[in-house]
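# Commentary on secondary and tertiary structure
Next come the chains, spelled out residue by residue.
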Number of protein chains: 2
Amino acid sequence: MKKLIIASTSTVHGGSYLDYILPELDQFLSEVNEVLFVPYARPGGITHDDYTTIAQNGFEKINKKITGIHTFSDPVKAVKNAQAIFTGGGNTFLLVKMLYKNNLMEVIRESVLNGTPYFGTSAGSNITGLTMQTTNDMPIVYPPSFKTLSLVPFNINPHYLDPIKGSTHMGETRETRIKEFHNINTQPVVGIREGSWLNVEGDRITLKGELSARIFEQNKAPYEVASGAEIDFY
Amino acid sequence: MKKLIIASTSTVHGGSYLDYILPELDQFLSEVNEVLFVPYARPGGITHDDYTTIAQNGFEKINKKITGIHTFSDPVKAVKNAQAIFTGGGNTFLLVKMLYKNNLMEVIRESVLNGTPYFGTSAGSNITGLTMQTTNDMPIVYPPSFKTLSLVPFNINPHYLDPIKGSTHMGETRETRIKEFHNINTQPVVGIREGSWLNVEGDRITLKGELSARIFEQNKAPYEVASGAEIDFY
């Protein structure tokens, strides 16, 4: 049975890395000692090693060992052997390009479908959807495709941001951007606010955390789903 | 000699469409009666016809006729015959995909290099750079390439936004996104704030409008260029 935690962010304002979600992770990874970390998204351009150290510092509070996938000569084999997988945030275009380059998209998908627990934050959450096309990131590299893991039957918008009241900025709001997406694409989009996450157990998808999520379906007005509720488009 | 106006936005807060830049456009297009409008970026998903009406309403204040490129059976010929070209804002991925689909990228570039005046706002400005990789837009469609018109020797970031003081949002700031871009790409990026624009006359590029621009070069601290100054990386 597939098991995922799909989190909006690694860090909430005023908190330290992963702090807000460690109790959930402790339970989610209760049978896991070692987690395979995918650092490819490189937030702010930091190195794979430095990013892995950050992840290790977060996970050592719940006594898990973190190993960066970049340290394996055969990353496909590393995924197949992993007890659990964590993909961190950063730039989604870079992450997706690296996953395709290393032939990892399909093998991660198969591992998770076969029961390997998967935890993602931000870009690492975005790729659990059907495509990466509702990312907020800049297209700093050209990936061979926008198709992603399709482990949930919709797209993710992490760091979902409500329109800022009184803003004088004329750039598109997040909601306008997703409306533009739905002018061309049919799949639903789940906007997850910072501090909330989706818990996936097989086909059961539950919103958890502090805040409601905002759901966008083509040709419908956007609507809210409360924390604790199921997300169900079947 | 190439002549371009590369504007951050079509509309400044509290103003109406193009109002702030009409005096500049009136001068820029003094020898032009009719402007070919490229509505492909479809802001908010509006139709090509509706978008062309908006452009017409803006330009009729300076007595220019606007014709949408989508109304021509041969858009390549329409570009070759155009007195001037205006590409409006919206979604850059959609705009670039449509330009490639209709074989327009190279012909617009050649026309502008041969002296056809070009005016762009937002997405229409982004594509005047070397690549579209510093757009702020969502990747709602997959274009065949990120390469764009290369009419200036750098990339554009329109609607440049300074970090918001006191923000509790943990998504990347614009500056962080551009830093991630420069971890992988070498070309300079010019962040143009809303209300400012670049005036290009041959190789001479001048910042105009209310606000300074923010310049990002690889392996340098970002810096400001004042309105009235030249932008020069040669």
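Residues numbered from 1 in each chain as written. Chains lettered and ligands numbered in written order. Predicted model: local features only at pLDDT ≥ 70, side-chain atom pairs only at ≥ 80, totals over all residues. Heavy atoms only, no water.

Under an unreviewed UniProt entry, chain A has the name dipeptidase E and belongs to Zhouia amylolytica AD3.

### Looking at the interface of chain B and chain A
If you look at the interface, chain B gives 49 residues, while chain A gives 49 residues. Across the chain B to chain A interface the summed buried area is about 3900 Å²; carbon plus sulfur atoms make up 60%. Taken as a group, Met 138, Tyr 142 and Met 170 of chain B account for 19% of the area that chain B buries against chain A, more than any other trio of residues on that side. Across the contact surface, chain B and chain A share 2 salt bridges. (Contact = heavy atoms within 4.5 Å. Buried area = accessible area lost by both parts, 1.4 Å probe. Salt bridge = Lys/Arg side-chain N within 4 Å of Asp/Glu carboxyl O.)

### Here's the deal with unusual backbone geometry
Most peptide bonds adopt trans geometry, and most residues besides glycine take a negative phi value. Although it is not a glycine, Arg 42 of chain A adopts a positive phi angle of roughly 40°. When you line up the elements, Arg 42 of chain A lands in the loop between strand 2 (34-38) and helix 2 (48-59). Positive phi values are uncommon outside glycine, yet Ser 150 of chain B reaches one of about 55°. Positionally, Ser 150 of chain B belongs in the loop between helix 6 (123-126) and strand 6 (155-157). With a relative accessible area of 29%, Ser 150 of chain B lands in the partly exposed category. (Helix = DSSP H or I, 4+ residues; strand = E, 2+ residues; numbered from the N terminus. Buried < 20%, exposed > 50% of the residue type's maximum accessible area, 1.4 Å probe, protein only.)

### Considering the sheet that holds strand 7 (residues 189-191) of chain A
Consider a sheet: its strands pair through backbone hydrogen bonds, and that pairing is either parallel or antiparallel. All names here are of chain A. Taken in spatial order, the 4 strands make up an open sheet running 6-7-10-11, and their pairing is mixed. In this open sheet, the two edge strands, each paired with only one partner strand, are strand 6 (155-157) and strand 11 (223-225). The sheet shows a mean angle of 30° between the axes of neighbouring strands, direction not considered. Inspection of the sheet shows strand 6 paired to strand 7 by 3 bridges, in the parallel sense. In the sheet register, Asn 155 faces strand 7, and the bridge partner there is Val 189. Set on the sheet, helix 7 (residues 174-182) makes contact with strand 6, strand 7 and strand 10 (213-216); between it and strand 10 the angle comes to about 30°. (Pairing = 2+ DSSP bridges. Axes fitted to C-alpha atoms, helices over the stretch in contact; angles between N-to-C directions.)

### Looking at the sheet that holds strand 4 (residues 85-87) of chain A
Residues and elements named next belong to chain A. Sheet architecture is open: 7 strands sit in the order 3-2-4-5-1-8-9, paired in mixed fashion. Looking at which strands have only one partner, the edges of the open sheet turn out to be strand 3 (65-68) and strand 9 (204-209). Averaged over all pairs of adjacent strands, the angle between their axes in this sheet comes to 20°, without regard to strand direction. Looking at chain direction, strand 2 and strand 4 are connected through 3 bridges and run parallel. Its bridge partner being in strand 4, Phe 37 is matched across the sheet by Phe 86. Seen against the sheet, helix 2 touches strand 2, strand 3, strand 4 and strand 5 (118-121) and runs at an angle of roughly 165° to strand 3.

### Some details on empty space enclosed by the protein
The tally for this structure, following the rule as stated, stands at 2 cavities of 30 Å³ or more. Of the pockets and cavities examined, the largest cavity occupies roughly 50 Å³. Looking at the largest cavity, the residues that line it are Glu 172 of chain A together with Thr 92, Ser 122, Ala 123, Thr 135, Asn 136, Asp 137, Pro 158 and His 159 of chain B. Partitioned by chemical class, the residues of the lining of the largest cavity number 2 nonpolar, 5 polar and 2 charged. Each pocket or cavity is described by its volume, and for the second largest cavity that value is around 40 Å³. In terms of lining residues, the second largest cavity is bounded by Gly 90, Thr 92, Ser 122, Ala 123, Asn 126, Thr 135, Asn 136, Asp 137, Pro 158 and His 159 of chain A together with Glu 172 of chain B. In terms of residue class, the lining of the second largest cavity is made up of 2 nonpolar, 7 polar and 2 charged. (1 Å grid on protein atoms, 1.4 Å probe; cavity = no way out; pocket = protein on both sides within 12 Å on 5 of 7 lines; lining within 4 Å. Points joined across faces, edges and corners; volume = space filled by probe spheres on them. Nonpolar A, V, L, I, M, F, W, Y, C, P; charged D, E, K, R; others polar.)

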